[in-house]
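Working through the structure, step by step
Okay, here's what each chain looks like letter by letter:
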Amino acid sequence: MAKTFKEVMADAGISMDFQACGTAPTEIVDREIVLEPHDRVKKLKNIFMKTLSSANNEFPYWYTREYMKLDSEIPVVRRAKALKRAFSNLTPVIYPGEKLVMHKAPFFRGSFPMPWLSEGFYVAKEDELYQDAMKRGSASADEHSKFGQGGGNVVASFGKVISIAGKFGMRQEEVPALIELSKMWVGKSVDDLGHKYEQMVPNYETKEKIMRNIVCMFDSGYTLPQGREVINYYYPLEYGFDGIIKIAREMKDKVAGRADGDGMVGMNRLYNYEAVIHVVEGVQKWILNYAEEARRLEAAEKDGTQRKEYAEIAECLEWIAHNPPRTFREAFQMIETIHLAVLNEDAISGMSPGRIGQVLYPYFEQDIEAGRLTEDEALELLELDRLVKTSIDCFASMGVVGGVLSGNTFNTVSVGGLDKDGKSAVNRLEYLVLKAAASNAMPQSTIALLYDEKLPEDFLVLAAEVIKTGAGYPAFMNNQIAQDFLLSHYGPEGMHIEEARAWAIGGCLETSAGCWKPLHLNGKEYWIPGGCGQPTSVGVHFVSMPKILELTLYNGIDQRSGEQVFQPHGKRLDTYEELWEQFKLYWQEAVDVLALTNNIQHDVWRKNNMAVFNSMLKPDCLENGHLINELGYRYNATYNVESTGTVTCVNSLAAIRKLVFDDKKVDLETFKKALKENFGFRTAHEVNSFSIADQQKRDDDDGKWDELHFQCLQAPKYGNDEAYADQILLEWENFFCPDCYNYESLYGHPMYPCQISVSTHGAMGSATIASPDGRLAGTTFADASLSAYPGTDRNGPFALMNSASIWDHSMSQNSQLNIKIHPSAIKGVEGSRKLVDLTKAYMRKGGFHVQYNVVDSKMLRKAQDNPDEYRDLMVRVAGFTQYWVEIGKAVQDELIARTEYEGV
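Report follows, based on the coordinates.

About the cut-offs
- Residues numbered from 1 in each chain as written.
- Predicted model: local features only at pLDDT ≥ 70, side-chain atom pairs only at ≥ 80, totals over all residues.
- Heavy atoms only, no water.
- Helix = DSSP H or I, 4+ residues; strand = E, 2+ residues; numbered from the N terminus.
- Rg over C-alpha atoms; globule rule 2.2 N^0.38 Å.
- Buried < 20%, exposed > 50% of the residue type's maximum accessible area, 1.4 Å probe, protein only.
- Contact = heavy atoms within 4.5 Å.
- Areas by Shrake-Rupley, 256 points an atom, 1.4 Å probe, with all protein chains shown as cover.
- Lys, Arg positive; Asp, Glu negative; His and termini not counted.
- Charge placed at Lys NZ, Arg CZ, Asp CG, Glu CD.
- Pairing = 2+ DSSP bridges.
- Axes fitted to C-alpha atoms, helices over the stretch in contact; angles between N-to-C directions.
- Nonpolar A, V, L, I, M, F, W, Y, C, P; charged D, E, K, R; others polar.
- Core = buried A, V, L, I, M, F, W, Y, C linked by side-chain atoms within 4.5 Å.
- Polar contact = N/O pair within 3.5 Å; in protein donor to acceptor, adjacent residues only side chain to side chain.
- Phe/Tyr/Trp six-rings, centres within 6.5 Å; stacked < 30°, edge-to-face > 60°.
- Lys NZ or Arg CZ within 6 Å of the ring centre and 35° of its normal.
- Salt bridge = Lys/Arg side-chain N within 4 Å of Asp/Glu carboxyl O.

A few points about the overall build of the chain
- Along the chain, the regular secondary structure elements total 35 helices and 22 strands.
- Rg of the C-alpha trace for the chain: 26 Å, near the compact-globule value of 29 Å for 904 residues, within the 12% margin.
- On the principal axes, the C-alpha backbone points of the chain span a range of 75 × 60 × 60 Å.
- Going through the 904 residues of the chain one by one, you find that 69% of them count as buried.
- Taking as baseline every contact in the chain between residues at least 6 positions apart, the subset at least 24 positions apart corresponds to 77%.
- Carbon together with sulfur atoms contributes 50% to the accessible area of the chain, which is approximately 29000 Å² in total.
- Distance between charge centroids for the chain: 2 Å, based on 96 positive and 125 negative side chains.

Here it is in structure tokens:
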């Protein structure tokens, strides 16, 4: 067999074990801290571990049946009534030992399709409708997306179970029903209507070529139109569901027939309040169905302890179906129910619970003082909550769920930050949130720590110890940087410093606007934070910077497909400056046409698929009578432009600048030929590995590109606190961040930059030829936006942080830096302190985000070979944590290859 890249490098005296700041022990080192959850949690967790993700047609059947019946109804009321019917008919399932009950679907783990958003994927593969759907550019992402072969993924059909989207198992006899339901939405779905109208954008053909060649990962309006935001639980907690219906009825009397100076949109308030009543009634019926099931189980149960628990579940649900919660448990069950209800209303990833340790604190404080609750009981509920959140799945295409989300749904909980008055917001319950994240280490909820200098030191040390469990959380986010960004971007909509302090992370890493609301409990007033903005990450999704560079080099032609994506620029690119200017022009052309087409998709969505329940929760919809689709939220400038492959592109530009224009080692045409020939290597798809170390030389390779490839690998690289490459990053950020404000969302607000890649660095790397930094064809890009490319950061973590903080992070909604550390490097109390100090240093330099993977790379290699032995091994992928066995091999390979720091 031809030599692998790793062997070629070894011949040159270069190791590819990618260690820095020391040498790892020869034996595998496990995580230093391993904790166990409460017994009941452990039993339920065992069920989860053995459960495959499932889907059925219950919700879509009842929704479609009611919706089609009401074709003469006002659209928002029609949708509300369909949602009410679907919620009212969901089968309740309660497992012995559960205390926080209710599930997204009638499975321990699962979801259901929503063909009213996009139906083409679900019709029979031999059907012409399916074939037509597959011709669309957006379908290309599926070809480059893979799930892990283990865990809860149903990657292939077996027995009488059919694999849907490579993720969900559906009973064979239900598939014809799914096809029939899907066909009822042909020509009516958001996908079909959006596709019909987006073609009217003059440059639409370019958009299709962009999607077909995976310059952009996927459309944001068809599959996951909502999410990456922070939910708000205030109104149900303060008023209860009966109270909300009462408010809506009173408001109907006030607004019926009145435009109130708001033209015809003002008239919509009547229908919106009517819709709110219908949807809330549906959710109430859903809750009461669960209460009825608990009563049934109580009557049948022989065990006295379990019978009592069923009775407590029923009493809790019967109360919160109508009234504001009185206790910590009732409040917890209510926010759990609300969370699931929002996720059932629409296809959503990244509906973050927000700062629940502060939202639930009033109930915790009063229950503790009254002796109704112990901290251990609260801890057990927090552990159970993690089980519920991890069991939530999102139903979408392979490209979206596998290529972007890696099966996660990003229910991020935020802790820390400041309170309304600018003091540390940390409370005793937030310490328990962190402890539960360690004792029941599961992928969700991911934890975001809103770092501020005012936070208690022991809280930060506890966070470092949680990281040492290997869970990958909490990630640290810079509170001051986030506030600066929010005030800068939302200032024109009226945000002030007090409200900026209410922010939290939505999705995995999106800075999201929040506000404070006064919650009253037993005569005491508490100010609680919650989300108050539209969904984010719903603008232009994941534009590949290395692919834009490839198109710049090759006159607009994709070298993998041979397709002319952009009009030829016809330039010789004689200088670096000329190349850089053309790169920016192609970037702007891509973002412009994607913004226009996505605006149409979202406009069709808002007119046909209104978010009634989610809208009602957010300030100020209930007060002003307008939903999300009518700018009812307090903050609406939430659309963004997302980049992918930043560091791979920066390193590539540095290599071209150095080798072609500064040192003149090679001319550009020769360089391009070497890239096209993949430096004499086979492609990653031919090798079936996406790690650069495993790439193999072609049998017929004559070594003519070896010297140039070596020079590319040795060219300046980002992450070493060296100006050559870091300045290119600075130039990019100073172009990209303000440029996003040139594009307008459908709500008439400027967009802003979002710099996360989620899992797209795997799928998009898969579709890109070799890059000038020496990366080979088909292998992954560097992850995130500020992580170094594996093996290229050689001067230690502080040097990497210096490189990452060269630009002003407050210009962007986020940035993302991931660092892998060997467990032995931060061992003991001293190691925890080192981790805190390292983090503080980065935050003080102006970094926004850093997260740590504390894992031995040897363990990852062993887990790749023996997945069954590592079912519960978790890793931090991008802005989220996932089970190792459930992520695709391309991302696994990239995680193994990341530089491992042996010392801090």
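Things to note about the sheet that holds strand 17 (residues 752-754)
- Sheet architecture is open: 3 strands sit in the order 15-16-17, paired in parallel fashion. The strands lining the two open edges of the sheet, one partner per strand, are strand 15 (540-544) and strand 17. Adjacent strand axes in the sheet meet at a mean angle of 30° when their direction is disregarded.
- Bridge count for strand 15 against strand 16 (residues 640-644) is 3 bridges, and the pairing is parallel. When the sheet's bridge partners are listed, Ser544 is paired in strand 16 with Thr644.

Observations concerning the packing of helix 22 (residues 545-553) against helix 26 (residues 646-662)
- The contact between helix 22 and helix 26 brings their axes to 7 Å, and the two run at 35°. The residues of helix 26 that touch helix 22, namely those facing Met545, Pro546, Leu549 and Leu553, are Thr646, Thr648, Cys649, Ser652, Leu653 and Ile656.
- Of the residues belonging to the contact of helix 22 with helix 26, the class tally is 7 nonpolar, 3 polar and no charged.

As for the nonpolar core
- Grouped together as the largest cluster of nonpolar side chains are 277 residues, with contacts concentrated most on Phe613 and Tyr852.
- Each residue touching Tyr852, except ones within four places of it in the same chain, is listed here: Ile467, Gly472, Phe476, Met801, Ile819, Ile821, Leu835, Leu838, Thr839 and Arg876.
- Membership of the second largest hydrophobic core comes to 9 residues, among which are Ile164, Ala165, Met170 and Ile179.

Focus on the sheet that holds strand 19 (residues 849-854)
- Strand order in this open sheet of 7 strands is 1-22-18-19-10-9-8, and the pairing throughout is mixed. Lying at the two open borders of the sheet, with one neighbouring strand each, are strand 1 (19-20) and strand 8 (413-416).
- Judged from the 4 bridges that link them, strand 9 (residues 447-451) and strand 10 (residues 475-478) form a sheet pairing that is parallel. Across the sheet, the residue bridging to Leu449 is Phe476, located in strand 10.

Let's talk about the side chain of Ser803
- Mapped onto the elements of the fold, Ser803 is located in helix 32 (residues 797-804).
- One polar contact links the side chain of Ser803 to the main-chain amide nitrogen of Asp721, over a distance of 2.8 Å.
- Here Ser803 is in contact with Tyr718, Gly719, Asn720, Asp721, Glu722, Asp726 and Leu729, once residues within four sequence places are set aside.

Brief notes about the packing of aromatic side chains
- This structure, assessed with the given rule, holds 34 aromatic pairs.
- Pairing Phe5 with Phe681 gives two aromatic rings, centres 5.6 Å apart and planes at 65°, and the pair type is edge-to-face. Remark: Phe681 occurs in the loop between helix 27 (668-676) and helix 28 (684-687) and Phe5 occurs in helix 1 (residues 5-11); sequence separation between them is 676 residues. Both residues of the pair, Phe5 and Phe681, belong to the buried class.
- Ring geometry for Phe59 against Phe112: centres 4.5 Å apart, planes inclined by 15°, an arrangement best described as stacked. Taken together, the residues Phe59 in helix 3 (residues 58-69) and Phe112 in the loop between strand 3 (110-111) and helix 5 (128-135) connect sequence positions 53 residues apart. Across the pair, exposure class does not vary: Phe59 and Phe112 are buried alike.
- Taken together, Trp580, Phe583, Trp587, Trp732, Phe735 and Phe736 form an aromatic cluster joined through their ring pairs.
- Here the guanidinium or amino end of Lys658 rests over the ring plane of Tyr724, the centre of that ring lying 5.7 Å away.
- Stacked on the ring of Tyr883, the Lys or Arg Arg871 has its end atom at 4.9 Å from the ring centre.

Some points on the environment of Gln559
- With respect to the helices, strands and loops of the structure, Gln559 is situated in the loop between helix 22 and helix 23 (576-608).
- The class for Gln559 is buried, based on a relative accessible area of 16%.
- C-alpha separation for the pair Gln559 and Asn213, spaced 346 residues apart in sequence, amounts to 9.7 Å.
- In this structure Gln559 touches Glu550, Tyr554, Lys676 and Ile769, once residues within four positions along its chain are discounted.
- Polar contacts involving the side chain of Gln559 include one to the side chain of Lys676, which spans 3.3 Å.

Here's the deal with the environment of Gly748
- By the secondary structure assignment, Gly748 is in the loop between helix 30 (723-739) and strand 17.
- On the basis of relative accessible area, Gly748 is assigned to the partly exposed category, the value being 41%.
- For the pair Gly748 and Asp700, spaced 48 residues apart in sequence, the C-alpha separation works out to 57 Å.

Side note on the side chain of Glu238
- Tracing the backbone through its elements, the reader meets Glu238 in helix 10 (residues 234-255).
- Comment: no salt bridge for buried Glu238; closest opposite-charge side chain is Lys517, at 9.5 Å.

Quick look at the pattern of salt bridges
- Enumeration over the complete set of coordinates arrives at 58 salt bridges.
- A salt bridge links Lys308 to Glu312; the shortest N-O distance between them is 2.7 Å. Taken together, the residues Lys308 and Glu312, both in helix 12 (residues 304-320) and 4 residues apart, mark about one turn of the helix.
- On the accessibility criterion, Lys308 (53% relative accessible area) is exposed.
- Residue Glu312 is classed as partly exposed on the basis of its relative accessible area, which comes to 25%.
- The closest approach of N and O atoms between Arg428 and Glu375, which form a salt bridge, is 3.0 Å. Of the two residues, Arg428 is situated in helix 18 (residues 428-439) and Glu375 in helix 16 (residues 375-390); the sequence distance between them amounts to 53 residues.
- Exposure remark for Glu375: the relative accessible area of 31% places this residue in the partly exposed category.
- Connected through salt bridges with shared partners, the residues Arg109, Lys167, Asp393, Arg871 and Glu886 form a single ionic network.

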